[in-house]
Amino acid sequence: MTAADTAHDSIRAVLWQGDHLRLLDQRLLPMQEQYLDCRSADEVAAAIRDLAVRGAPAIGIAAAWGVVLAAQAGRAEVLAACARLRAARPTAVNLMWALDRMQVVLGAGGDLTALTREAQAIQDEDLAANRRMGERGAALIAPGSGVLTHCNTGSLATAGFGTALGVIRAGVAAGRIARVFAGETRPWLQGARLTMWELLRDGIDATLIADSAAAHLMKSGQVQWVIVGADRIAANGDTANKIGTCQLAISARHHGVRFMVVAPTSTVDFATAGGEDIEIELRAGDELLGYAGTRTVVAGAKAWNPVFDVTPATLIDAIVTERGVVECPDAARMAALLGRY
Ligand code: MRU
């Protein structure tokens, strides 16, 4: 590991404690740094559903540890617990991918030790993938560039280092990225609350923008790349990510700004042909109608709250994975580089 690998990288949010799972509670950041201890699979499922832990890779890792907790409680419970964990959120395929891996171990008669080893492997492989993607993605960026990111894709959303934020960490350490902008990511404010906290905590200068300022920022010439993560990438390269990502891609293309998706191969779902087949999570309208428990919208108002959207592959310049970069993605290029696995 080089110094550049570890620069700006101090945060870990998913911590296995031997007999329980400790999560840095993302509902409370940045005002409170408080940990939530989960002692059962159902507590992990609730933490995923309620966004105490969030981000595609992190919820897969947490779910894997949830299976270990279920196995600690007795083998008869484990398959039912897997089903409840699987139902916690619908869009990020890393959740299903991690549970599939755990169920393969279970199906082969794996005991608690084998399940623990598999969960740890899922977590360790994610960290290694993020460092690899960081190098690959940063290499695409010309020195002195500005970047805009959306949502939170960093150590909070993964085993550590991050996907899009991993590229930003690596790009800043390598002197390629000179300016970092983060969109606030309404309504849950992953950008304002989490990405800004994470970047500043790790010594990376960053500037917050309102989501609605993105096109104006691109027009100003201050950013050369939009860099985002993914919750599910279909076989043709269509990418589901946090709501608002698609409008960033459209605006980037209009302004000649390049658009990079960074995600481990655990986010690629070859069983889903195209973006129209990806289930988009709808969350309660309350997330839009108020903030921090205080109602901000007139009583009686309705809200529609889809929390992901799909960016068509045609608007993506590069998908960066730990196995390689797919430029101008389509079904043939995705299959050629990543194959089926
Ligand atoms: O609803 P969230 O906060 O779980 O959504 C997270 C995102 O959309 C991230 O961009 C994605 O999961 C990639 S995280 C490395």
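Residues numbered from 1 in each chain as written. Predicted model: local features only at pLDDT ≥ 70, side-chain atom pairs only at ≥ 80, totals over all residues. Heavy atoms only, no water.

Colleague: What is the right way to read the overall build of the chain from this model?
Modeller: Helices and strands together make up the secondary structure of the chain, namely 12 helices and 16 strands. Taken over the C-alpha trace, the chain has a radius of gyration of 19 Å; the compact-globule value for 341 residues is 20 Å, and the two agree within 12%. Overall, the chain is about 60 × 55 × 40 Å in size when its C-alpha atoms are taken along their principal axes. Contacts in the chain between residues far apart in sequence, at least 24 positions, make up 73% of those at least 6 positions apart. Counting every atom, the chain has about 13500 Å² of accessible surface; 54% of that belongs to carbon and sulfur. With 32 positive and 36 negative side-chain charges, the chain shows a separation of 2 Å between the mean positions of the two kinds. (Helix = DSSP H or I, 4+ residues; strand = E, 2+ residues; numbered from the N terminus. Rg over C-alpha atoms; globule rule 2.2 N^0.38 Å. Contact = heavy atoms within 4.5 Å. Areas by Shrake-Rupley, 256 points an atom, 1.4 Å probe, with all protein chains shown as cover. Lys, Arg positive; Asp, Glu negative; His and termini not counted. Charge placed at Lys NZ, Arg CZ, Asp CG, Glu CD.)

Colleague: Just to check I follow, could you spell out the side chain of Arg 283 for this structure?
Modeller: Structurally, Arg 283 can be placed in the loop between strand 11 (268-269) and helix 11 (286-289). One polar contact links the side chain of Arg 283 to the main-chain carbonyl oxygen of Arg 49, over a distance of 3.0 Å. (Polar contact = N/O pair within 3.5 Å; in protein donor to acceptor, adjacent residues only side chain to side chain.)

Colleague: Explanation requested: the sheet that holds strand 2 (residues 21-24) in the structure shown.
Modeller: Across a sheet, strands are paired by hydrogen bonds formed along the backbone, either parallel or antiparallel in direction. In spatial order, the strands read 1-2-3; together these three strands make up an open sheet with antiparallel pairing. Lying at the two open borders of the sheet, with one neighbouring strand each, are strand 1 (14-16) and strand 3 (35-38). Direction aside, the axes of adjacent strands within the sheet are offset by 20° on average. Sitting on the sheet, helix 2 (residues 41-49) is in contact with strand 2 and strand 3, with an inclination near 140° to strand 3. On the sheet, helix 3 (residues 56-73) packs against strand 1, strand 2 and strand 3 and is oriented at approximately 25° with respect to strand 1. (Pairing = 2+ DSSP bridges. Axes fitted to C-alpha atoms, helices over the stretch in contact; angles between N-to-C directions.)

Colleague: Any chance you could explain the nonpolar core here in plain terms?
Modeller: In a soluble, globular protein the nonpolar side chains are often hidden away together inside. Core analysis: the biggest nonpolar cluster contains 43 residues, and Leu 21, Ile 48 and Leu 85 have the highest contact counts within it. Listed by contribution, the elements that provide at least two residues to this core are strand 1, strand 2, helix 2, helix 3, helix 4 (78-86), helix 5 (93-107) and helix 6 (112-138). Sequence-distant contacts of Ile 48, that is, excluding residues within four places in its chain, are made with Val 53, Ile 59, Ala 62, Ala 63, Leu 85, Ala 88, Arg 89 and Leu 95. In terms of nonpolar packing, the next biggest core, distinct from the first, is built from 27 residues, Leu 217, Ala 235, Leu 248 and Ile 319 among them. (Core = buried A, V, L, I, M, F, W, Y, C linked by side-chain atoms within 4.5 Å. Buried < 20%, exposed > 50% of the residue type's maximum accessible area, 1.4 Å probe, protein only.)

Colleague: Mind showing me how you'd approach the domain arrangement of the chain here?
Modeller: The figure often quoted for interface size is the accessible area lost as the parts come together. Along its sequence, the chain is carved into domain 1 (3-129) and domain 2 (131-337). Placing a centre on the C-alpha atoms of domain 1 and another on those of domain 2 gives a separation of 22 Å. Contact with domain 1, which involves 39 residues of that partner, is made by 43 residues of domain 2. Carbon and sulfur atoms make up 54% of the area that domain 1 and domain 2 hide from each other, which totals about 3600 Å². A per-residue breakdown of the area domain 1 buries against domain 2 is headed by His 8, Ile 11 and Thr 91, which together make up 20% of the total. If you look at where domain 1 meets domain 2, you find three salt bridges. (Domains from an automatic or database assignment. Buried area = accessible area lost by both parts, 1.4 Å probe. Salt bridge = Lys/Arg side-chain N within 4 Å of Asp/Glu carboxyl O.)

Colleague: Sorry, what's going on with the side chain of Glu 322 here?
Modeller: Structurally, the position occupied by Glu 322 is in the loop between strand 15 (318-321) and strand 16 (324-327). Separated by 2.4 Å, the side chains of Glu 322 and Thr 265 make a polar contact. With near-sequence residues (within four places) excluded, Glu 322 lies in contact with Ala 129, Arg 132, Met 133, Arg 136, Ala 263, Pro 264 and Thr 265.

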